[in-house]
Amino acid sequence: MERTLAILKPDCVRKNLVGKVISHIESAGFKIVAMKMLKLTPEQARAFYYVHRERHFYNDLVNFMSSGKIVALVLEKENAVDDFRKLIGATDPKEAEEGTIRRLYADNKQENIVHGSDSVENAKIEISFFFSQNELIANET
Ligand code: UDP
Ligand code: MG
């Protein structure tokens, strides 16, 4: 079964939306394989978003992602990566489709509530950033 990494970003936690967003995720058919709440150091946030190091928004993004606690989740479903990207919607909530998590809850392009891996390959890398093998035991069916 395919897996993806989700992060409920600091704005999600600050706005008391953790339960609502997880409810959306579960209602859409994703199984939670692993979940933890933590605060990234600026160094960890820089490492997680290393692919964006040359982008104009990188420093602001690092500051935001290390500004408060986050919730990291490993989600499982057929076609999990693409289906989760559809569920969260476009990066900018103004451009996100009606009913998507970002459209419903996000304030702006930076503070957009949730992260989702953009490929199966990146999902594997991002999952191992947050979770060790013994935290990734498959769900019973
Ligand atoms: N971001 C931003 N300004 C931008 C583009 C992106 O602050 O112009 C932030 C936003 O939080 C986004 C993250 O950087 O979720 C990663 O950007 P990416 O283009 O990978 O968007 P995503 O894959 O999260 O939709
Ligand atoms: Mg991305």
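Residues numbered from 1 in each chain as written. Chains lettered and ligands numbered in written order. Predicted model: local features only at pLDDT ≥ 70, side-chain atom pairs only at ≥ 80, totals over all residues. Heavy atoms only, no water.

- In the annotation of an unreviewed UniProt entry, the entry for the chain reads Nucleoside diphosphate kinase, and the organism field reads Candidatus Thermokryptus mobilis.
- Of the comments in the UniProt record for the chain, the one headed Cofactor (unreviewed entry) reads "Mg(2+)". (UniProt positions renumbered as here; feature names shortened; annotations may be inferred.)

**Here we look at the site of ligand 1**
- Lining the immediate environment of ligand 1, one finds Lys9, Tyr49, His52, Phe57, Leu61, Arg85, Thr91, Arg102, Lys109, Gln110 and Asn112.
- A distance of 2.6 Å is found between an oxygen atom of ligand 1 and a side-chain nitrogen or oxygen belonging to Thr91.
- In this structure, Asn112 approaches ligand 1 through a side-chain N or O atom, which is 2.9 Å from an oxygen atom.
- For ligand 1, the protein covers 86% of the area, taking 500 Å² as the surface of the free molecule.
- Grouping the amino acids of the shell around ligand 1 by side-chain chemistry returns three nonpolar, four polar and four charged. (Near = heavy atom within 4 Å. Polar contact = N/O pair within 3.5 Å; in protein donor to acceptor, adjacent residues only side chain to side chain. Areas by Shrake-Rupley, 256 points an atom, 1.4 Å probe, with all protein chains shown as cover. Nonpolar A, V, L, I, M, F, W, Y, C, P; charged D, E, K, R; others polar.)

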